[in-house]
Every structure is written in C-alpha cells, then in structure tokens.
Amino acid sequence: MSVDYTNGELQTVVAARSLAGKRSCFIGVGRPSTAALLARMVHNPRLVLVYESGTIGAKPYHVPLSIGDGELAQTADLVVSVPEMFNYWIGPGRVQVAFLGAAQIDPQANLNSTVIGDYEHPRTRLPGAGGAPEIATGCAEVVVIAPHSKRTFVQRLDFKTTRGERTTLVITDLGVLEPRDGSLCLTAVHPGVSVDEVRENTGFELAVSESLKVSEPPSTKELNALRELASR
Amino acid sequence: MAQIVSLSEAVEATVQDGASVALEGFTHLIPFAAGHEVLRQGRRELELIRMTPDILYDQMIGVGAARRLVFSYGGNPGVGSLHRFRDAVEHGWPRPIEVEEHSHAGMANRYVAGASRLPFMVMRGYEGTDLAAHTNVATVICPFTGEQLAAVPALNPEVAIVHAQEADRDGNVQLWGIPGVQKEAVLAAQRSVVTVERIVDELELRPGGVVIPGWVIDYVAPAPGGSLPSYALGITERDNDFYREWDLISRDREHFQAWMSEQGLLG
C-alpha cells in the first residue's frame with residue numbers, strides 16, 4: 001500500500017534513518033530536531049540528543065521551537081554552561097554526529113551562514129556562525145540538511161563560515177549527496193525525482209554516482225510517528 | 001556586596017551613553033526588563049555584547065541605541081531573521097552598526113578569559129574559515145606541543161546584566177536551568193546587575209543550580225517576569241507565540257516603531 005507524503009517529510013525520515021546505530025547527535029532547531037526526535041521514536045531510543053544551549057541527553061516530548069526551550073533542560077541528563085559545552089564536550093569530539101543547516105553549501109560541503117553578497121555590504125545578513133564551525137570540526141560525522149535549490153547549492157560560497165571536511169551526508173528534499181574524492185556526489189534521489197530535476201536545482205556541476213539509489217519511501221510506521229510528533 | 005535596588009536605579013547607576021553592555025542569556029533568562037529600562041532611560045551609542053542577540057537586541061538596534069554589536073548568532077531561534085538587525089547592517093537604518101562576530105566557542109572563550117582576568121584564551125577553531133580574516137582572533141603556538149591554536153581576546157564588558165530566578169537579602173543569586181554564559185559575563189564585567197524573579201530569605205540550593213555570591217555583584221534588582229517573552233525555568237514559560245509574532249512586528253519599519261512607541265520603548 002502506498003502512502004502519500006511530502007518530500008519534506010521524506011527528507012526528515014531519511015535524516016532520522018541516518019541516526020540508526022549512532023551514539024549521540026548534536027542538533028539545531030527545525031527539521032533536524034524533528035528528525036532526531038523521530039530517530040529516538042523509531043530507530044534508536046538510546047540516542048543521546050545534545051543541544052548547544054547546554055542540554056545533554058535531552059528527551060523532549062514536543063519538537064522544541066528554540067534550542068533553549070524549558071523542556072530540554074527539564075528532560076536532560078545534564079545541563080552545562082556554554083563554555084563547558086564547547087570546551088569539554090564538542091571540542092574533544094565526545095559527540096558523534098552533528099546535524100547542521102546552511103544558506104549556502106559548496107561542492108566540498110563547506111557552509112555559509114554569515115552573509116549573501118559582500119561581507120562589508122551584504123545583500124542579506126544571515127544570523128552568523130553560532131556553534132557550527134567548531135561543531136563541524138569537533139563531531140566525527142556531519143550531516144547537512146538543506147533545501148535543494150540553486151541558491152543553496154553554489155559553486156562558490158559568499159562566505160565560508162564552516163568547513164566541510166567531516167561531512168558524510170547531505171540530505172535534501174530531492175535526494176542525498178555524499179562526498180566522493182573530495183566533492184559531493186548525488187548518491188540517491190527520492191522517489192519520483194529525476195537526476196535532471198536535481199541537476200536543474202544544483203548550482204554546480206553535479207556528479208552522479210554510478211550506483212545511484214532511490215530512497216526508500218517512508219514506511220507507515222515512520223510516517224505515523226512523524227505526524228504524531230508534529231501534532232503534539 | 002550587592003545592593004538591592006530598584007531596576008531603574010540599577011540601570012541608572014551602571015549604564016551610561018556609550019557604554020559597552022552585555023545583556024546575556026542563552027535563550028533562557030534573557031534580561032528583557034533590564035534592556036527595556038535601558039531604552040526607557042534613553043541610552044544611546046551603546047556597544048551591545050551578547051552571544052545570541054535575539055528579540056531584545058533587535059529592539060535596541062531598531063531604535064538606534066547601538067553603535068556596535070559583538071555577537072556570534074543573530075537570529076530569532078526557530079523562527080528566522082532578526083529584521084531590525086538585518087535592516088541596520090544591510091541598509092544602515094536607523095543608523096549604521098559596526099559588527100564584530102565570532103563563533104559561539106570563540107565568544108564563550110572570550111568571556112572565560114575575561115572572567116579569569118587573563119588576556120586571551122586558546123582554542124581550536126577559526127582556521128580555514130573566512131571568519132578569521134574578519135574578526136579579532138590571532139594564532140599562538142603551544143609551547144609544549146608546537147600545535148598552532150586560535151587565541152581569542154578577553155571580553156571585559158563595562159557592564160553585564162543578567163536575569164536569575166532568585167536572590168537572598170544579601171544579594172546572593174541562584175539561577176537554574178540552562179546556565180548559558182551568565183556567570184562568566186558577571187565575572188568578566190567591570191560592573192554587574194542581576195535582575196531576579198524574587199527575593200527570598202534564604203537560597204535553597206538546587207541540584208545543577210548556579211550560585212553567584214553577592215560580593216561579586218554590584219546591584220540586584222527585583223524584576224518579576226523580567227525575562228519574558230524568554231523565561232525563567234520553573235517560574236515563567238517561554239512565550240513562543242510572541243517569538244513568532246515578532247517576525248511580523250519587526251518586518252516593517254513603521255509597524256516596528258508603532259509597536260515600540262506603544263510599549264514606551266522609543267526612549
């Protein structure tokens with residue numbers, strides 16, 4: 001039986017699957033947070049969620065709006081200060097996976113979350129680095145979750161906020177990219193998405209894997225859990 | 001020893017035009033009431049310092065109170081942009097603003113150096129990013145291993161203002177929940193103000209609670225509900241709806257000014 005779902009839902013489901021078997025994951029707000037909560041519900045109930053606000057082992061029932069919602073502190077195994085979070089936990093590599101987002105990503109998976117346009121006279125001032133630069137060099141595996149568009153996937157970043165060397169997966173609403181020989185390569189498309197469609201939405205020359213896969217559609221169990229989570 | 005005074009007295013005694021002020025709070029315990037009092041007293045030309053300038057700094061920037069911002073993440077968490085901050089950087093409205101930005105790890109370590117009264121802290125970071133060329137960071141060589149590390153300069157604001165759940169009558173403060181960098185900010189600053197939800201006869205120490213003794217604080221001021229629409233864990237709840245509403249209020253200059261005027265915050 002096929003179930004109707006959106007590509008956004010599939011993106012969240014694919015991101016959640018990437019956390020099966022992982023020990024700990026650093027997450028920001030929005031889709032990454034939803035994916036990590038879904039992973040705990042469906043794939044990995046022991047997954048330790050770490051938020052940069054200092055909550056380690058948070059077990060929120062609701063998808064938090066901010067990384068500092070009260071529920072995170074109330075359900076955490078421990079709550080630490082910001083200096084402790086970065087100096088004791090992230091820097092030494094104690095958190096295995098990081099979920100990051102960005103406004104721009106280049107073929108080497110470097111990220112921009114600082115400005116669009118010139119730094120001194122930006123066309124769009126973005127929020128800035130936050131924790132991303134040290135999270136991306138501290139965690140062993142970085143998973144980038146981003147919308148797939150030419151604006152996001154660019155040949156050259158306007159500003160390099162965060163280094164891409166540790167990126168293992170880029171999960172979009174069209175498919176999945178992985179680094180191959182130092183540049184991102186399309187390794188899976190979501191059901192119903194063509195390679196041409198991905199190419200049209202990518203601002204750099206897109207490498208495509210010879211063994212290109214089609215993402216498994218959400219199972220009924222995954223979709224029900226995701227929708228139940230969203231309705232809380 | 002901390003003096004327990006009214007909020008207006010505490011702000012008047014510490015924040016002058018041109019001051020460098022850190023109103024800290026990492027999504028939790030953001031000192032909104034104190035920031036609003038700074039605006040009511042009409043302070044201008046401020047250097048505003050904070051890891052995560054959110055709605056409060058958007059308001060202060062939007063009325064033109066800041067000449068400079070030192071920060072690491074300027075967004076409305078979970079919602080999107082800070083429109084007044086963007087307007088100031090992108091279009092110089094209502095006045096141009098100078099920015100100095102770091103990563104969270106960089107800012108946190110700048111406070112640690114400041115609180116330790118050390119000139120700088122070392123960390124791994126900045127290398128290989130464009131941030132390094134646009135901010136105040138240097139490299140040092142470890143004298144023991146030869147490793148090249150980033151050095152970030154101490155941050156010692158003239159004034160730090162933070163919010164906490166409670167203080168006793170001697171001005172000893174306790175906060176709990178997400179602790180952010182509040183203790184570091186107070187210890188790094190030359191003068192400090194802590195606003196509190198309540199004054200109690202005796203602090204009841206809590207697991208994970210952070211105590212800041214009254215003898216390192218200059219002023220404690222009662223400000224019940226003083227971190228709303230942020231929150232004080234166990235006492236008030238984060239007003240997530242307002243964080244979403246702010247996106248609409250702040251998007252348009254006139255709408256923003258009308259709202260600030262209604263709240264008596266145009267100074």
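One structure accompanies this document, and this report is about it. Computed from a predicted structure; not experimentally measured.

Structural notes on the interface of chain B and chain A
(1) Moving on: In this assembly, 46 residues from chain B lie in contact with 38 residues from chain A.
(2) Moving on: Buried surface at the junction of chain B and chain A, summed over both partners, amounts to about 3300 Å²; 62% is from carbon and sulfur atoms.
(3) Moving on: Linking chain B with chain A are 1 salt bridge, by the criterion used here.
(4) Moving on: As a salt-bridge pair, Glu101 of chain B and Arg125 of chain A come within 2.7 Å of each other at their nearest N and O atoms.
(5) Moving on: Taken together, chain B and chain A are joined by 15 residue pairs in polar contact (both at pLDDT 80 or more).
(6) Moving on: Elements supplying a minimum of two residues to the side of chain B that touches chain A: helix H4 (83-91), strand E7 (98-101), helix H5 (104-116), helix H6 (131-134) and helix H8 (240-251) of chain B.

With respect to the pairing of strand E11 (residues 159-168) of chain B
All names here are of chain B.
(1) Moving on: The buried fraction of E11 amounts to 10 of the 10 residues, a majority that puts the element mostly inside the structure.
(2) Moving on: Of the strand pairs in this sheet, E11 and strand E12 (residues 173-175) are connected by 2 bridges, and their pairing is antiparallel. When the sheet's bridge partners are listed, Ala167 is paired in E12 with Val173.
(3) Moving on: Hairpin geometry of E11 and E12 is characterised by an intervening segment of 4 residues between the two adjacent antiparallel strands and by a positive phi of about 85° at Gly171.

Some remarks on the nonpolar core
(1) Moving on: Residues Phe99 of chain A together with Tyr111 of chain B are the most contacted members of the largest nonpolar core, which totals 92 residues.
(2) Moving on: Once you skip the residues sitting within four places of it in the chain, Tyr111 of chain B turns out to touch Ala22, Glu24, Ile49, Arg50, Met51, Leu155, Pro157, Val181, Glu184, Ala185 and Ala188 of chain B.
(3) Moving on: Membership of the second largest hydrophobic core comes to 44 residues, among which are Ala10, Leu39, Ile61 and Leu265 of chain B.

Details of the sheet that holds strand E4 (residues 78-79) of chain A
Remark on secondary structure: sheet strands pair via backbone hydrogen bonds, oriented parallel or antiparallel.
Residue and element names in this part refer to chain A.
(1) Moving on: Spatially, the 10 strands line up as an open sheet ordered E4-E3-E2-E1-E5-E10-E11-E12-E13-E14, and their pairing is mixed. Each edge of the open sheet carries a strand with a single partner, namely E4 and strand E14 (207-214).
(2) Moving on: Two strands pair when backbone bridges link them, and strand E1 (residues 24-27) and strand E5 (residues 97-100) are joined in this way by 2 bridges, in the parallel orientation. Across the sheet, the residue bridging to Phe26 is Ala98, located in E5.
(3) Moving on: Running over the sheet, helix H1 (residues 7-17) touches E5, strand E10 (141-145), strand E11 (167-171) and strand E12 (175-180) and is turned about 155° from E11.
(4) Moving on: Against the sheet, helix H2 (residues 31-42) touches E1, strand E2 (48-51), E5 and E10, its axis set at about 160° to E2.

Side note on the environment of Gly209 of chain B
Residues and elements named next belong to chain B.
(1) Moving on: Along the chain, the position of Gly209 falls in the loop between strand E13 (191-200) and strand E14 (210-212).
(2) Moving on: Residues Gly209 and Val79 lie 130 residues apart in sequence; the distance between their C-alpha atoms is 29 Å.
(3) Moving on: Those residues in contact with Gly209 that lie beyond four places of it in its chain are Gln174, Leu175 and Trp176.

Here we look at H2 of chain A
Residues and elements named next belong to chain A.
(1) Moving on: Under the 1.5 Å per step criterion, the end-to-end length of H2 is 16 Å for 12 residues, consistent within 8% with the ideal 16 Å.
(2) Moving on: The buried count for H2 comes to 9 of 12 residues, which makes it a mostly enclosed element.
(3) Moving on: Buried within H2 are the following residues: Pro32, Ser33, Thr34, Ala35, Ala36, Leu37, Leu38, Ala39 and Val42.
(4) Moving on: Of the surrounding elements, those touching the buried residues of H2 are H1, E1, E2, E5, E10 and helix H7 (220-231).

Reading the values: rules and limits
Residues numbered from 1 in each chain as written. Chains lettered and ligands numbered in written order. Predicted model: local features only at pLDDT ≥ 70, side-chain atom pairs only at ≥ 80, totals over all residues. Heavy atoms only, no water. Contact = heavy atoms within 4.5 Å. Buried area = accessible area lost by both parts, 1.4 Å probe. Salt bridge = Lys/Arg side-chain N within 4 Å of Asp/Glu carboxyl O. Polar contact = N/O pair within 3.5 Å; in protein donor to acceptor, adjacent residues only side chain to side chain. Helix = DSSP H or I, 4+ residues; strand = E, 2+ residues; numbered from the N terminus. Buried < 20%, exposed > 50% of the residue type's maximum accessible area, 1.4 Å probe, protein only. Pairing = 2+ DSSP bridges. Core = buried A, V, L, I, M, F, W, Y, C linked by side-chain atoms within 4.5 Å. Axes fitted to C-alpha atoms, helices over the stretch in contact; angles between N-to-C directions. Expected span 1.5 Å × (residues − 1).

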